[in-house]
Amino acid sequence: MNQEVNKRAADNIRILAMAMVEKAKSGHPGGAMGGADFIHILFSEFLNFDPDDPKWINRDRFFLDPGHMSPMLYSVLTLTGHFKVDELKGFRQWASPTPGHPELDVMRGIENTSGPLGQGHTMAVGAAIAERFLAARFGELFAHKTFAFISDGGVQEEISQGAGRLAGFLGLNNLIMFYDSNDIQLSTETKAVTSEDTAMKYRSWGWEVIAIEGNDHSQIRKALGNAVKSKVKPVIIIGKTIMGKGLVDNAGNSFERKTSTHGMPVSEAGGSFEKSLVNLGGNISDPFCIFEDVRHHYKKVLDKKRKIAEEWKKEKGKWASENTELDKKLRLFYSGNLPEIDFRSIQQKEGTATRAASAAVLNVLAGKIENMVVASADLSNSDKTDAFLKKTKAFTNGDFSGAFLQAGVSELTMAAIMNGMALHGGVIPACGTFFVFSDYMKPAVRLACLMSLPVKYIWTHDAFRVGEDGPTHQPVEQEAQIRLMEHLRNHHGDNSMLVLRPADSIETSIAWKIALENKKTPTALILSRQNIKDLPSDKNDRYDDALQLKNGAYIVQDCKGKPDIILVASGSEVATLVEGASLLRKDNLNVRIVSAPSEGLFRQQPDSYQKSVIPENIPVFGLTAGLSVTLQGLVGPRGRIWGVNSFGYSAPYKVLDEKFGFTAENVYRQVNEYLAQFKM
């Protein structure tokens, strides 16, 4: 083992990381420099990947949790050929592939978007679960490792509790995490905020714990060697590293272990960039230089990795020839495509809650989509995801033959794990909880939107009609918040999320169909607790009518001639509009009723279609059990909305309907008042 070239490689990573931040005049050099030794040993000696096939399905996955340490990741990925030196020089600049925090780009070796601390390693837990799920179905030929890199901040974030608990509980022996414990964070030393025994905490969760000096190559190598042999438990390697390793000040004295180097260029933090560069063996005239011996070393590393990948692909080819049906299934799983599903044939009870209608769909999907994984945050019997669970079984320690994750009371953890599953590939993840608890999930939902991950969210108990549980459990503002994601574009130019709030059981079947066909973004299904009357069908074919849901909004019930009033809602409020319309028609009013499960989808339709559903210069009345602003874009500036603009109360939902005015009689009154003013 050539120790000198390994030291040079780690120092080269340190120099590149330091130089990137210095040139950009912003960033986080200290942690990246401290973690350089581990990242070099991991990528050069342990992480299996194919340099010529970045999407190789059996590659080991590496999840970076502290996204601010991106200079470390970009630097090692430059040594592996994923980035060019000139791209490092564009760090944090417009249109550069090296943003301040890494963004998902598998072709460049970046497996996850990271930034909000704690989510990166929790996504790694999800990827590790997906790997075990697939290996249980296709064999240990498809086994590989998932590596995660976590920092002090990630350990402190509450999500680490859920990730650590679940990984240990499930015995994820394919998960290896390096904890870069440098005792420094952005504004303080860690001793100013915590004194916990991290090793003891992880041991209590069922992890194997290895403590090392995190800059010692032989200790790193030995720890990783032992970790990859683990057969029972996930492994955390706690590495005591040196923040800003190799830094010196203008007098040539050590400038290591300084809080200031966590979040600013070395020269601004009080150190000397030039003298630190020389101290690490760099060239002042070319700080972005890759040392020739390091370049040669990594060439040999990449050649070895190619051979490992080639050998595996030969084995896989042999396996495929002997297991043609399994190989066909494997390819289907990774394609993200669906088997044929006859959604029309799904039997729905009359006048049922949409959460129950969703259960009817899930009951069918459990027998049709073999790579669908459903999770619930301790609410499977209430969010009705147990309809899926009844056809399979929950994951347990060492047994991933089922397809259900009992996540426990940890909504954010569950959502981040779903992201990790989607990132791994080969599975279709969905998760459920009460809609009000989407508040706990939003950081991970936002990352799913940013990464364009096709996770399905099953959010039930969608309005104040949760009733007796009271305002803590009654979503009011949540729908408006989630629907903002339909307005926000992702980097592909698409609406970053698809949000569907179906109005009856048949719309729920169609909503699930659309959700599963959506492979470009996350999808939210917002479902009712209470029963809802089925919507009418003039053609006596409610399923055919509801297929129009694909347009985001459509006419449920129309009138002859020009409408006097257009009534718009989503979810259970559409049925209330139908009842109100029957009263309005007694006054000889022409009434059109529109179901609008997704404004985002509606706005994607041609302008001609939008105007055919909601024409201009016709009064529009909206009814929503959420904030009035939820429907503002649909009713327009001259429209009127009856919504809920306060927290709810504890009472039976029918009492709340009366008190809040969600009745046919109030629709009648409000529309008449509105029309009287509209004509003025």
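S.K.: Can you help me understand the overall build of the chain in this one?
M.R.: Broken down by element type, the chain carries 27 helices and 16 strands. Here the chain has a C-alpha radius of gyration of 28 Å; the compact-globule value for 680 residues is 26 Å, and the two agree. Out of the 680 residues in the chain, the part that is buried amounts to 62%. Within the chain, residue pairs in contact and separated by at least 24 positions form 76% of the contacts whose partners lie at least 6 positions apart. Total accessible area computed for the chain in this model is approximately 26400 Å², and 51% of it derives from carbon and sulfur atoms. Seen as two clouds, the 79 positive and the 79 negative side-chain charges of the chain have centres 2 Å apart.

S.K.: What is the right way to read the nonpolar core from this model?
M.R.: One broad rule of soluble globular proteins: the nonpolar side chains tend to lie buried together. Ile 129, Leu 365, Leu 405, Met 421, Met 497, Trp 512 and Leu 567 are the most contacted members of the largest nonpolar core, which has 156 residues in total. With 10 residues, helix 6 (residues 119-138) is the largest single contributor of residues to this core. In contact with Trp 512, other than residues within four places in its own chain, are Phe 343, Ser 358, Val 361, Leu 362, Leu 365, Met 372, Ala 430, Lys 456, Ile 458 and Leu 525. Within the second largest apolar cluster, 60 residues are counted, among which are Ala 36, Phe 43, Ile 220 and Ile 290.

S.K.: Teacher, can you tell me more about the side chain of His 262 here?
M.R.: Residue position: His 262 is located in the loop between strand 5 (235-240) and helix 11 (266-269). Each residue touching His 262, except ones within four places of it in the same chain, is listed here: Gly 27, His 28, Pro 29, His 68, Ile 184, Gln 185, Leu 186 and Met 243.

S.K.: Would you mind showing me how to read the side chain of Asp 545 here?
M.R.: Tracing the sequence through the fold places Asp 545 in helix 21 (residues 542-546). Contact partners of Asp 545, with chain neighbours within four places excluded, come to Pro 536, Ser 537, Asp 538, Lys 539 and Tyr 554.

S.K.: I tried to follow the pairing of strand 3 (residues 175-181) on my own but got confused; where do I start?
M.R.: The side chains of a regular strand alternate between both faces of the sheet. Here strand 3 lies mainly inside the structure; seven of its seven residues are buried. Alternating positions in strand 3 separate into two faces, Leu 175, Met 177, Tyr 179 and Ser 181 on one and Ile 176, Phe 178 and Asp 180 on the other, with burial throughout. Relative to strand 3, strand 2 (residues 146-151) is paired through six bridges, and the arrangement is parallel. What sits directly across from Thr 146, in strand 3, is Leu 175. With six bridges connecting them, strand 3 and strand 5 associate as parallel partners. Within strand 5, the residue paired with Ile 176 across the bridge is Val 235.

S.K.: Looking at this structure, how should I read helix 17 (residues 411-424)?
M.R.: What sets the pattern is the α-helix's 3.6 residues per turn: residues three or four places apart point alike. Between its first and last C-alpha, helix 17 extends 20 Å over 14 residues, near the 20 Å set by a 1.5 Å rise per residue. By the criterion of burial, helix 17 is predominantly enclosed, with 13 of the 14 residues buried. Just beyond helix 17, the residue with positive phi is Gly 425, at close to 95°.

S.K.: What should I look at first to understand the packing of helix 22 (residues 573-585) against helix 27 (residues 664-678) in this one?
M.R.: Between two packed helices, both the angle of their axes relative to each other and the distance between the axes serve to describe the pair. Taken N-terminus to C-terminus, the directions of helix 22 and helix 27 make an angle of 60°; their axes are 8 Å apart at the nearest point. One way to sum up the angle between helix 22 and helix 27 is to call them oblique. Regarding helix 22 and helix 27, the two cross each other, and that crossing is right-handed. Taking contact as the criterion, the partners of Thr 576, Leu 577, Glu 579, Gly 580, Leu 583 and Leu 584 in helix 22 are, on helix 27, Ala 664, Glu 665, Val 667, Tyr 668, Val 671 and Asn 672. Split into classes, the residues belonging to the contact of helix 22 with helix 27 amount to seven nonpolar, three polar and two charged.

S.K.: In this structure, what is going on with the pairing of strand 14 (residues 591-595)? I would like to understand it.
M.R.: By the criterion of burial, strand 14 is predominantly enclosed, with five of the five residues buried. Neither face of strand 14 is left uncovered, since the one carrying Val 591, Ile 593 and Ser 595 and the one carrying Arg 592 and Val 594 both have all their residues buried. Bridge analysis of strand 12 (residues 554-557) against strand 14 gives three bridges, and the strand direction is antiparallel. The residue of strand 14 that forms the bridge with Gln 557 is Ile 593. With five bridges joining them, strand 13 (residues 565-569) and strand 14 adopt parallel strand pairing. Bridge pairing in strand 14 places Leu 567 opposite Ile 593.

S.K.: Can you walk me through unusual backbone geometry in this structure?
M.R.: Leaving glycine aside, a negative phi is the common case for residues, and trans is the common case for peptide bonds. One non-glycine residue, Lys 25, lies in the positive phi region at around 65°. Structurally, Lys 25 can be placed in the loop between helix 1 (3-24) and helix 2 (29-34). Non-glycine residue Asp 183 carries a positive phi angle of around 65°. Along the polypeptide, Asp 183 turns up in the loop between strand 3 and helix 9 (198-204).

The rules behind these values
Residues numbered from 1 in each chain as written. Predicted model: local features only at pLDDT ≥ 70, side-chain atom pairs only at ≥ 80, totals over all residues. Heavy atoms only, no water. Helix = DSSP H or I, 4+ residues; strand = E, 2+ residues; numbered from the N terminus. Rg over C-alpha atoms; globule rule 2.2 N^0.38 Å. Buried < 20%, exposed > 50% of the residue type's maximum accessible area, 1.4 Å probe, protein only. Contact = heavy atoms within 4.5 Å. Areas by Shrake-Rupley, 256 points an atom, 1.4 Å probe, with all protein chains shown as cover. Lys, Arg positive; Asp, Glu negative; His and termini not counted. Charge placed at Lys NZ, Arg CZ, Asp CG, Glu CD. Core = buried A, V, L, I, M, F, W, Y, C linked by side-chain atoms within 4.5 Å. Pairing = 2+ DSSP bridges. Expected span 1.5 Å × (residues − 1). Axes fitted to C-alpha atoms, helices over the stretch in contact; angles between N-to-C directions. Parallel < 35°, antiparallel > 145°, perpendicular 65-115°, else oblique. Left-handed = near helix turned anticlockwise from the far one by under 90°. Nonpolar A, V, L, I, M, F, W, Y, C, P; charged D, E, K, R; others polar.

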